[in-house]
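Chain by chain, the residues:
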Protein chains: 2
Amino acid sequence: MTDGAILIAGETRQADARFEAISPSSGEKLEGSYSEATTDDVAKACSAAAEAAEIFGTLSPDERASFLEAVADAIEAIGDELIVTGMAETALPRARLEGERGRTCGQLRLFASEVRDGHWLNIRIDEALPERKPLPRADLRLMNVAYGPVAVFGASNFPLAFSVAGGDTASAFAAGCPVVVKGHPAHPGTGELIAKAISKAVADKGLPGGVFSYLPGTTHELGGALVADPNITAVGFTGSRAGGLALMEIAQKREVPIPVYAEMSAINPVVLMPHAMSEKAAALGTAFIGSLVMGSGQFCTNPGLVVALDSPELDTFEAAAIKALADTQPASMLTAGICKAFAEGTSKLTSHDKVRKLGGSQPAEAPTSADSAIFETSGEAFLADEALSAEVFGAASLIIRCADEAELLKVLSGLEGQLTATLHLTDADETLAAKVLPILKEKAGRVLANGWPTGVEVTHAMVHGGPFPATSAPATTSVGTLAMQRYLRPVCYQDIPDALLPAALKSANPWKLPRRVNGEYQS
Amino acid sequence: MTDGAILIAGETRQADARFEAISPSSGEKLEGSYSEATTDDVAKACSAAAEAAEIFGTLSPDERASFLEAVADAIEAIGDELIVTGMAETALPRARLEGERGRTCGQLRLFASEVRDGHWLNIRIDEALPERKPLPRADLRLMNVAYGPVAVFGASNFPLAFSVAGGDTASAFAAGCPVVVKGHPAHPGTGELIAKAISKAVADKGLPGGVFSYLPGTTHELGGALVADPNITAVGFTGSRAGGLALMEIAQKREVPIPVYAEMSAINPVVLMPHAMSEKAAALGTAFIGSLVMGSGQFCTNPGLVVALDSPELDTFEAAAIKALADTQPASMLTAGICKAFAEGTSKLTSHDKVRKLGGSQPAEAPTSADSAIFETSGEAFLADEALSAEVFGAASLIIRCADEAELLKVLSGLEGQLTATLHLTDADETLAAKVLPILKEKAGRVLANGWPTGVEVTHAMVHGGPFPATSAPATTSVGTLAMQRYLRPVCYQDIPDALLPAALKSANPWKLPRRVNGEYQS
């Protein structure tokens with residue numbers, strides 16, 4: 001049951017100021033109301049997080065892994081209420097939310113196993129060389145330590161997997177960092193259910209309450225205060241470019257600037273190679289729409305740009321895409337704001353004199369439903385107007401018809417940083433692909449072939465990141481086990497007596513961690 | 001022989017605008033003159049770096065390691081001219097510069113062996129699971145790739161080990177990044193000799209000239225233009241806090257913001273524990289001065305702050321320190337600017353009404369020589385005035401006499417981020433040390449016991465970094481093999497045909513690199 005509470009370090013509080021959740025299907029307010037957390041709540045939550053940091057950051061790998069597993073168990077224990085609440089608040093279908101719950105809990109358990117694995121500590125020991133000339137070498141021991149309290153901003157488009165207990169929270173917990181979540185106002189009931197599950201796991205494991213706090217609210221001031229709080233040491237954010245840039249600016253203006261790991265925007269180019277098109281242009285056109293309209297196009301990795309050579313095969317691709325899209329029902333978007341921004345974005349493309357609208361879905365009727373649409377322009381026009389590279393968040397995509405290979409390479413070289421870049425090719429396309437791949441590698445965190453960018457595996461080799469403006473930190477990923485590296489920093493201990501060393505570095509290696517000793521890897 | 005040239009991608013150019021090197025010993029101009037590189041030179045150098053990036057970034061580990069070794073060989077081949085030029089430009093003694101040359105070449109060779117080792121690529125392969133339900137898993141392969149062209153700012157205080165071919169350049173090369181160096185105007189001849197050696201190695205190895213360029217100059221505009229150049233993707237800097245903050249601001253205001261790895265300032269607290277003081281207060285006082293005056297105090301890790309409990313032992317420590325310092329000759333500082341800033345810093349301390357000057361070295365006579373000095377204040381006064389935490393770059397240190405343990409812990413908790421923090425202790429100090437260590441770990445990149453912070457090993461377990469304002473990027477180190485991680489970013493390749501995969505990720509593993517496959521480490 002939700003009651004709209006703020007959760008600070010295991011304590012709940014009801015605020016006088018309230019807000020409601022809105023049904024994306026009907027546009028009506030849903031039952032119940034939620035507290036607007038205040039800047040005073042921010043200060044209390046962050047102070048409690050700072051107090052919990054040392055204990056939480058120095059748990060043994062097994063203790064921290066058990067906590068992550070307890071969070072997953074507690075989320076599963078919520079049962080169907082979580083799914084029903086999520087469906088009402090997001091209009092996402094049951095199967096999607098059940099799948100996302102599975103991904104969220106699987107992600108927590110994967111981080112648990114990664115924490116136990118221990119390589120993330122990056123332990124390096126260079127033993128003392130007392131006889132070395134001209135000077136002896138001290139005993140040097142490096143390990144990663146937790147960064148400190150992390151502020152996490154839930155995303156609207158993954159109300160479970162990238163919200164309160166999503167990838168940012170899971171990876172920060174895995175690294176040993178207390179988390180203060182600013183809840184997304186589009187799914188406050190879903191957020192509160194998850195927040196209570198996390199709080200229960202914190203209590204059940206006997207951890208300090210400050211390990212987790214949850215601040216629901218609708219204002220930019222709340223988020224700004226959280227990033228500016230002196231006890232916060234890093235920020236995880238998934239959302240719009242404007243939102244990410246605003247948080248980056250606040251973080252940089254602090255007395256002590258802190259890193260913001262913002263995953264912001266991308267149009268995820270898909271390059272159609274000539275031989276792949278000769279072989280299966282129509283099938284590609286149909287499959288393209290399948291990826292485009294998935295989740296009403298509200299994925300960070302949505303294919304918003306298709307780049308291909310002018311050819312009869314491109315006509316075939318477009319015809320198949322137009323047909324597939326025409327058969328598609330308009331789908332509810334997550335919020336009225338997203339829906340409005342989408343309508344503005346597609347309207348700009350529709351009225352652009354160098355852009356042609358190719359087709360759309362069935363017309364939208366519900367208040368937050370949107371017409372999906374595909375557009376076409378020339379390589380020349382695309383190169384001449386950088387406004388055409390702007391992300392339109394939702395199921396809209398622009399096909400770039402390039403005059404020749406040189407123009408295609410120019411279009412790709414001119415792109416901003418992206419989360420993904422996709423190639424459709426056959427063996428016969430290898431010569432051109434060998435020119436395209438090095439460009440795409442510079443543009444994106446993930447380069448894929450003969451698939452579609454939507455669908456992000458949570459695993460060891462995943463990179464969900466990429467050059468600016470896809471993210472604010474191109475050397476990181478927000479999905480996959482590597483994500484926890486964002487919340488770690490190395491510390492070198494020199495000649496510290498064994499009794500005072502952290503357990504991870506003691507000579508007897510009580511936690512049986514993998515180490516690199518004098519340059520050699522031991523497992 | 002030096003001729004004052006700018007080196008851009010293997011080509012030399014003489015500018016009309018010139019500057020001279022100044023002898024720190026005499027204050028007189030040294031023979032010869034040096035080109036002032038222009039913003040046009042910046043654009044050319046960065047463009048050439050961008051052109052060289054793909055080839056240089058995708059060399060095999062062995063090819064890149066051989067290049068690093070060739071740079072070391074070429075530096076050694078300069079012979080005594082390097083040492084003589086360095087002595088004239090920096091007033092550092094022969095033994096120091098010979099040692100620093102050894103460190104510089106050793107560092108290049110250590111990175112070469114690290115590049116060959118291959119773990120830095122962080123290769124992770126999650127194999128395809130075509131039968132997985134409900135959806136198959138794609139083949140996912142992660143590797144680190146080079147970030148792109150790096151701008152390096154040479155430091156004045158290590159004219160070899162942290163200048164043109166110093167730690168930033170070596171680690172960027174190791175990661176596969178072309179480098180454009182802004183030469184430090186305090187040692188232009190030394191810089192040019194090294195730059196020519198690097199250029200020779202680039203040519204000898206048949207690499208594109210753009211792998212390295214060298215821009216001598218004296219203006220802030222030159223450095224600003226370098227950081228702002230759109231082809232630059234990251235910055236390595238060692239210098240003042242003001243300088244680092246200025247570069248950070250330029251980097252953040254770019255259309256595409258880039259990371260600045262700035263190692264800026266620290267006062268490197270040394271905590272004297274009661275039992276260690278009972279045992280050897282006088283010896284510690286003498287040794288403290290040895291560390292303080294080393295290199296005229298011009299080390300980033302100079303012990304600028306000593307924290308101890310009020311006690312007769314602290315009187316003994318101070319008496320020994322006063323005596324040792326009084327026997328010390330004043331030493332030439334690197335530049336007139338550093339000398340002036342040092343005099344201003346010590347004069348502020350001398351005139352501070354809560355600070356007592358304990359003693360000094362022999363008085364300075366040469367124009368860029370400085371009187372070393374030690375000061376004392378109370379914990380209360382230190383806590384009340386944050387100006388007392390400001391770095392005075394050079395051989396000056398402030399001893400904080402704390403009333404009790406609580407005040408000592410408060411002083412340490414209130415410190416800014418540091419490169420190092422030092423504890424002097426015996427077994428009997430463990431209880432207090434166990435309270436102090438977690439505080440120091442949050443404050444510094446390296447925590448050491450029973451030694452002095454000056455002297456930074458170049459090895460695997462070293463961290464020369466720390467929380468802001470010691471550095472702009474607390475999760476990194478600028479010394480040791482981990483430093484190359486600053487210039488790498490992960491890319492995931494999904495279902496890319498083997499023929500098109502980078503060699504590092506091909507199934508046959510032609511470079512025999514260590515890999516993590518389906519979560520398991522293989523070597």
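Just so we're clear, the structure is a prediction, and the values are computed from it rather than from any experiment. (Residues numbered from 1 in each chain as written. Chains lettered and ligands numbered in written order. Predicted model: local features only at pLDDT ≥ 70, side-chain atom pairs only at ≥ 80, totals over all residues. Heavy atoms only, no water.)

(A) View of the sheet that holds strand β10 (residues 234–238) of chain A. Residue and element names in this part refer to chain A. Strand order across the open sheet formed by seven strands is β2-β1-β9-β8-β7-β10-β11, with mixed pairing between neighbours. The strands lining the two open edges of the sheet, one partner per strand, are β2 (11–13) and β11 (260–263). For this sheet, the mean inter-axis angle between neighbouring strands, taken without regard to orientation, is 20 degrees. Pairing between strand β7 (residues 150–153) and β10: four bridges, direction parallel. (Pairing = 2+ DSSP bridges. Helix = DSSP H or I, 4+ residues; strand = E, 2+ residues; numbered from the N terminus. Axes fitted to C-alpha atoms, helices over the stretch in contact; angles between N-to-C directions.)

(B) Summary view of the interface of chain B and chain A. Chain B puts 64 residues into the contact, and the matching count from chain A is 64 residues. Approximately 5600 Å² of surface area, both sides summed, lies buried where chain B meets chain A, with 57% of it carried by carbon and sulfur atoms. By the criterion of area lost to chain A, the three top residues of chain B are Lys441(B), Arg489(B) and Leu500(B), representing 11% of everything that side buries. Where chain B meets chain A, there are six salt bridges. Among the ionic pairs, Glu54(B) bridges to Lys441(A), the shortest N-O distance being 2.8 Å. Going through the elements one at a time, α4 (94–117), β5 (124–126), β6 (140–146), α14 (430–443), β20 (444–449) and β21 (488–494) of chain B are the ones with two or more residues in the side of chain B that touches chain A. For the side of chain B that touches chain A, a count of residues per class yields 35 nonpolar, twelve polar and 17 charged. (Contact = heavy atoms within 4.5 Å. Buried area = accessible area lost by both parts, 1.4 Å probe. Salt bridge = Lys/Arg side-chain N within 4 Å of Asp/Glu carboxyl O. Nonpolar A, V, L, I, M, F, W, Y, C, P; charged D, E, K, R; others polar.)

(C) How the structure looks around the domain arrangement of chain A. All names here are of chain A. Along its sequence, chain A is organised into domain 1 (6–17 + 36–131 + 150–264 + 474–487) and domain 2 (269–449). Centre-to-centre, using C-alpha coordinates, domain 1 lies 33 Å away from domain 2. Residue-level contacts link 13 residues of domain 1 with 13 residues of domain 2. Of the roughly 870 Å² buried between domain 1 and domain 2 on both sides combined, carbon and sulfur atoms contribute 59%. Among the residues of domain 1 in contact with domain 2, Asn157, Arg241 and Glu263 are the three that bury the most area, contributing 41% of the side total. Put simply, domain 1 and domain 2 have one salt bridge between them. Where domain 1 touches domain 2, the interface holds two residue pairs in polar contact (both at pLDDT 80 or more). Split by residue class, the side of domain 1 that touches domain 2 holds five nonpolar, four polar and four charged. (Domains from an automatic or database assignment. Polar contact = N/O pair within 3.5 Å; in protein donor to acceptor, adjacent residues only side chain to side chain.)

(D) Representation of the packing of aromatic side chains within the structure. Within this structure, the stated rule accounts for 20 aromatic pairs over all chains. Judged by centre distance (5.9 Å) and plane angle (40 degrees), the ring pair of Phe19(A) and Tyr34(A) falls under tilted. On the criterion of sequence distance, the pair formed by Phe19(A) in strand β3 (residues 18–19) and Tyr34(A) in strand β4 (residues 34–35) is long-range, its members being 15 residues apart. Assigned by exposure class, Phe19(A) and Tyr34(A) land together as buried. Each ring, one from Phe173(B) and one from Phe212(B), has its centre 6.4 Å from the other, and the planes form 65 degrees; the classification is edge-to-face. Remark: Phe212(B) occurs in strand β9 (residues 212–215) and Phe173(B) occurs in helix α5 (residues 167–175); sequence separation between them is 39 residues. A residue is classified by how much of its surface remains accessible, and Phe212(B), at 1% relative accessible area, is buried. Put simply, the rings of Phe56(A), Phe67(A), Phe173(A) and Phe212(A) touch in pairs and so form one group of aromatic residues. Across from the ring centre of Phe56(A), 5.8 Å away, lies the NZ or CZ of Arg64(A), which sits over that ring. (Phe/Tyr/Trp six-rings, centres within 6.5 Å; stacked < 30°, edge-to-face > 60°. Buried < 20%, exposed > 50% of the residue type's maximum accessible area, 1.4 Å probe, protein only. Lys NZ or Arg CZ within 6 Å of the ring centre and 35° of its normal.)

(E) The arrangement of the packing of helix α7 (residues 220–228) of chain A against helix α8 (residues 241–253) of chain A in detail. All names here are of chain A. The geometry of α7 relative to α8 is characterised by a closest axis approach of 9 Å and an angle of 35 degrees between their N-to-C directions. α8 is crossed by α7, and the crossing has right-handed handedness. Contacts from Gly223, Gly224, Val227 and Ala228 of α7 reach α8 at Leu247, Ile250 and Ala251. Here the contact of α7 with α8 is built from residues that sort into five nonpolar, two polar and no charged. (Left-handed = near helix turned anticlockwise from the far one by under 90°.)

(F) Up close: helix α9 (residues 274–293) of chain B. Residues and elements named next belong to chain B. Along its 20 residues, α9 runs just 25 Å from first to last C-alpha, ending more than 12% under the 28 Å computed at 1.5 Å per residue. At Lys280, α9 shows its maximal kink, close to 95 degrees. Those residues of α9 not exposed but buried are Ala276, Met277, Ala281, Leu284, Gly285, Phe288, Ile289, Ser291 and Leu292. Looking at the buried residues of α9, the elements they touch are β12 (269–272), β13 (305–309), α10 (312–326), β17 (373–378), β18 (396–402) and β19 (418–424). Of the residues one or two after α9, Gly295 is the one with positive phi, at around 60 degrees. (Expected span 1.5 Å × (residues − 1). Bend = angle between axes of the 7 residues up to and from the residue.)

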